[in-house]
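# Fold and geometry: a report
As a plain string of letters, each chain reads:
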Amino acid sequence: MSLRKRWYLPIFAASTGILVACSSTGAANNGSDGASAAPSESNSTSQAASPDSTAKGGAVVVGLLNAQSGPWAGLGGDINTGFNAYVEAHDGKLGGHSVTVKMADPGNTVAQAGTSAHRVVEQDHAQVVVGFINSALAYAVGPYMETSKVPLIITGAGADGLTQKAASPYIFRVGNSSSQPTLPLGDYTCKELGYKTATVIALDYSFGWEAAGGFARGFTNAGCEIVQEIYAPTGTQDWSAYVGKIDKKSQVVAMAVPGADGVRLLRAYRSYGVQLPIVAYGGTVDQTVLPTQGDTAAGVISMFGYSTALDTPANKEFMEAFQKAGGKQPNAYAEDGWSAAAALDAALAKIDGNVDSAAIVAALKGLSFETARGTIQFDEHGQAIFDMYVRTVEKVDGHWQNTVTKTLPKVSQFWTFDPEKYMALPPYEKLKGTWAK
Amino acid sequence: MNWSIDILNGLAYGGLLFVIASGLNMTIGMMHRVNLAHGALFLVGGYLALDIADRTGNYLIGLLAGVVGAFVIGLVLERFLLQRVADSDVAQILLTVGAGLLIQDQIRARYTANPLTPPTPPGLDGSSNIGGAMFPTLKLATLALAIVLAIAMTMVLKKTKLGALVRASVDDNSMARSVGVRVPWLYMWVFGAGGALAGFAGVWGGSYLSLEPELGWEILLLGLVVIVIGGLDSIGGAFLAAMIIGLLTQFGRLYFPSFASFFVYGIAVFVLLVRPNGLLGRVVTREA
């Protein structure tokens, strides 16, 4: 056999296959608003609601499409658990209508996402679809939702374009767009924290460009200056080169690096003795990674629409229901699932009699409702407007948390800019690398 | 000054890569068993160490648990699965990928997919002062560890009877059997040792990288690249390859940041074009 010389070829073939199928660094991840992964709940496919004589009208079928396999399975499980927790806590009824949740796994490929959307809409007759963490999948499914006239409530996927240039009357989003927290963060860092020069570190794909661009736009618009931009690929194991590059003359470092990369970045940052203060996109220090980051994250100031440390009855209700439903650690992604259910709850309450997709779309339009993070209102592009929280990482009773220090009311995806003018600007992917003077 | 720190960083990353690849070097490189469950064994070591060290409060017990756990799984994999398909690379690929997926999903179910960090080896937390710059002590220790590991593996293979038996069995399986070497038995233990090295890398490297279930596949790819560039069964070659990749990645990130994710694999393609047998790979003149 000439096995010896050629035997590694099948290995490469196989491992390339694995890379494509499994790697969380693949291009298919572009635009997702968190690179981390979180608890995986192997939820069963459906949660039957008990038929109830007090129900107002016909039953409602919801298609729940967050990843149950692939790199986003952990976060997908959290979002699904958050959604189901809300339905359970309300005895299987939303807005007085009994609800059946049909789950399908969009995986992490456009093809599987499409199949799962077709399945819940055509086989299960879902009147509304909730889901998606990976923005590429949300982009791919958008046109199908529009032709089938079934509304989609996006949970985790953050790509700005989904509710801007690619906005559709059938698409709503309860989570933040990638730049929604960082626009005000840039403004706050310049005006309130008083740092005049900043270095930006972000992951090198559309989410990172948008989050970094949002910060840079807010920061420079307030009269301060970006001195350096650093982009690193997702799945960077050794951050020393990037940390070593940081311009020590900047007064602050702004980070948009969620997930395990954020854990490694902060660790490198501390162990190389960089002393500059840190401001961050909230997902960088989300509760999914914060316990592992521990004291390397101490003092990080971040902007996000949610914190588990929010001391409100609504948040307490969410956290308890989430854990009761089998969720392990409440976090912002789980809250997105919870909020999607809260949106449906409020929308369905406006509908009497038979529920169809058209009625749900009409009810969701401009809807305002209460959820764990506070009040959410959909803007005319379908994007949620909600309060942003300025949070500081600190240890309270032995646990690391994001303590809320300030609330910025009703932050839109356009911050204070005029929507039409904002959308006419070049997209952030084109502006990458042009912010630094 | 800055250069020396960058070089040290590159070498330390190379050290980590060698530690990661050492188990693969033994299973794929020396034994020619396709072991695509390497990343999963890495995870088993890391997560077990994390769990046990957490329960007992003792780093060494955790380390031991991680290494032994990966060792036992390696043993079982070789004895009950791979030996049955010793003649088929494709079957070995499928079996080990399958085993890897199973292990990865079990880990996800048990420990969630959130990143977790096994404890840092005692005394290596924090930073050392090198010529006025702060440098993580763990990275220095990783470089030292890689050197020690490379020397130890070479010594065992070249200077001990065990090493001679392994080399004989791989080079000429039937001849080794006919002179009385219990080849399947030997293979089982050597594969187990490869698993133990993967587990050890998980404990050590995990504290450097933070563990998450998906990390297993990234580790496998990095390990494969290192041993293929190095020349498969050459420990010195793997060490050299790890150091070159470490240094080039470090400087690549500094000077050509937009190509950062391309470096490791770009180097692999280039080396294989110039030297198809790897840097220090043996040129095989006889059909094995």
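Before any of the text, the structure's been laid out above.
Residues numbered from 1 in each chain as written. Chains lettered and ligands numbered in written order. Predicted model: local features only at pLDDT ≥ 70, side-chain atom pairs only at ≥ 80, totals over all residues.

Helices and strands together make up the secondary structure of chain B, namely eleven helices and two strands. Overall, chain B shows an N-to-C arrangement of helices and strands of α-α-α-α-β-β-α-α-α-α-α-α-α. Whereas a compact globule of 288 residues would reach a radius of gyration of roughly 19 Å, chain B reaches 19 Å, a difference of no more than 12%. C-alpha extents for chain B along the principal axes are approximately 60 × 50 × 35 Å. Classification of the 288 residues of chain B by burial places 53% in the buried group. (Helix = DSSP H or I, 4+ residues; strand = E, 2+ residues; numbered from the N terminus. Rg over C-alpha atoms; globule rule 2.2 N^0.38 Å. Buried ≥ 20, exposed ≤ 12 C-beta atoms within 10 Å, placed from the backbone.)

Looking only at helices and strands, chain A has 15 helices and 16 strands in total. Counting over 437 residues, chain A shows a buried share of 60%.

Let us now look at unusual backbone geometry. Residues and elements named next belong to chain A. With a phi close to 55°, His125 is a non-glycine residue in the positive phi region. Turning to its location among the elements, His125 is positioned in the loop between helix 4 (110–123) and strand 5 (128–131). Phi at Lys410 is positive, roughly 45°, even though this residue is not glycine. Structurally, Lys410 can be placed in strand 16 (residues 399–411). Looking at Lys410, the number of C-beta atoms within 10 Å reads 13, which means it is partly exposed.

All names here are of chain B. Contact geometry of helix 10 (residues 235–255) with helix 11 (residues 263–274) gives a least axis separation of 9 Å together with a crossing angle of 130°. When the axes of helix 10 and helix 11 are compared, the pair comes out oblique. Note on packing geometry: the crossing formed by helix 10 with helix 11 is right-handed. Contacts between helix 10 and helix 11 involve Ile244, Ile245, Leu248, Thr249 and Gly252 from the first element and Phe263, Val264 and Ile267 from the second. Of the residues in the contact of helix 10 with helix 11, the class split is six nonpolar, two polar and no charged. (Axes fitted to C-alpha atoms, helices over the stretch in contact; angles between N-to-C directions. Parallel < 35°, antiparallel > 145°, perpendicular 65-115°, else oblique. Left-handed = near helix turned anticlockwise from the far one by under 90°. Contact = placed C-beta atoms within 7 Å. Nonpolar A, V, L, I, M, F, W, Y, C, P; charged D, E, K, R; others polar.)

So, about the pairing of strand 4 (residues 97–103) of chain A. Residue and element names in this part refer to chain A. Buried residues dominate strand 4, accounting for six of its seven residues. Where strand 2 (residues 60–65) meets strand 4, five bridges bridge the pair, whose relative direction is parallel. Counterpart to Gly63 in the pairing with strand 4 is Lys102. Here strand 3 (residues 93–94) runs beside strand 4; their pairing, made up of two bridges, is antiparallel. Bridging from a neighbouring strand, Lys93 pairs with Ser98 of strand 4. Between the antiparallel neighbours strand 3 and strand 4 lie two residues, among them Gly95 with a positive phi of about 60°. (Pairing = 2+ DSSP bridges.)

Attention now moves to the nonpolar core. Val62, Val129, Val200, Ala202 and Met255 of chain A are the most contacted members of the largest nonpolar core, which totals 134 residues. When residues of this core are assigned to their parent elements, the largest contribution, eleven residues, is made by helix 12 (residues 332–349) of chain A. Beyond its immediate stretch of four places on either side in the chain, Val200 of chain A contacts Ala212, Phe215, Ala216, Ile226, Glu229, Ile230 and Ala254 of chain A. Among the nonpolar cores identified, the runner-up in size contains 90 residues, and Leu16, Val190, Leu215 and Val271 of chain B belong to it. (Core = buried A, V, L, I, M, F, W, Y, C linked by C-beta atoms within 7 Å.)

Another aspect to go through is the pairing of strand 15 (residues 384–396) of chain A. Residues and elements named next belong to chain A. The sheet contact formed by strand 12 (residues 301–304) and strand 15 spans four bridges and is antiparallel. When the sheet's bridge partners are listed, Ile301 is paired in strand 15 with Thr392. Bridging between strand 14 (residues 374–378) and strand 15 involves three bridges; their strand directions are antiparallel. Looking at strand 15, one finds that Phe378 is bridged to Ala384.

With that settled, the discussion passes to helix 11 (residues 313–324) of chain A. Each full turn of the α-helix corresponds to 3.6 residues, which orients residues three or four apart in the same direction. Residue and element names in this part refer to chain A. Taking 1.5 Å of rise per residue, twelve residues should cover 16 Å, and helix 11 covers 16 Å from first to last C-alpha, within 8% of that figure. Among all positions in helix 11, only Asn315, Phe318, Met319, Ala321 and Phe322 are buried. In this structure, the buried side of helix 11 is in contact with helix 3 (73–89) and helix 12. (Expected span 1.5 Å × (residues − 1).)

All right, on to the packing of helix 5 (residues 137–159) of chain B against helix 6 (residues 161–171) of chain B then. Residue and element names in this part refer to chain B. One way to put it is that helix 5 packs onto helix 6 with a least axis distance of 5 Å and a crossing angle of 75°. Here helix 5 is positioned roughly perpendicular relative to helix 6, judged by the angle of their axes. Contact with helix 5, carried on its side by Val156, Leu157, Lys158 and Lys159, involves Leu162, Gly163, Val166 and Arg167 of helix 6 and no other residues of that element. Of the residues belonging to the contact of helix 5 with helix 6, the class tally is four nonpolar, one polar and three charged.

Next up on the list: the environment of Asn25 of chain B. Residues and elements named next belong to chain B. The topology assignment puts Asn25 in helix 1 (residues 2–30). Along the backbone, Asn25 and Leu197 are 172 residues apart, and their C-alpha atoms lie at a distance of 9.7 Å. The contact partners of Asn25, leaving out residues within four places of it in the chain, are Met30, Ile227, Ile235 and Ala238.

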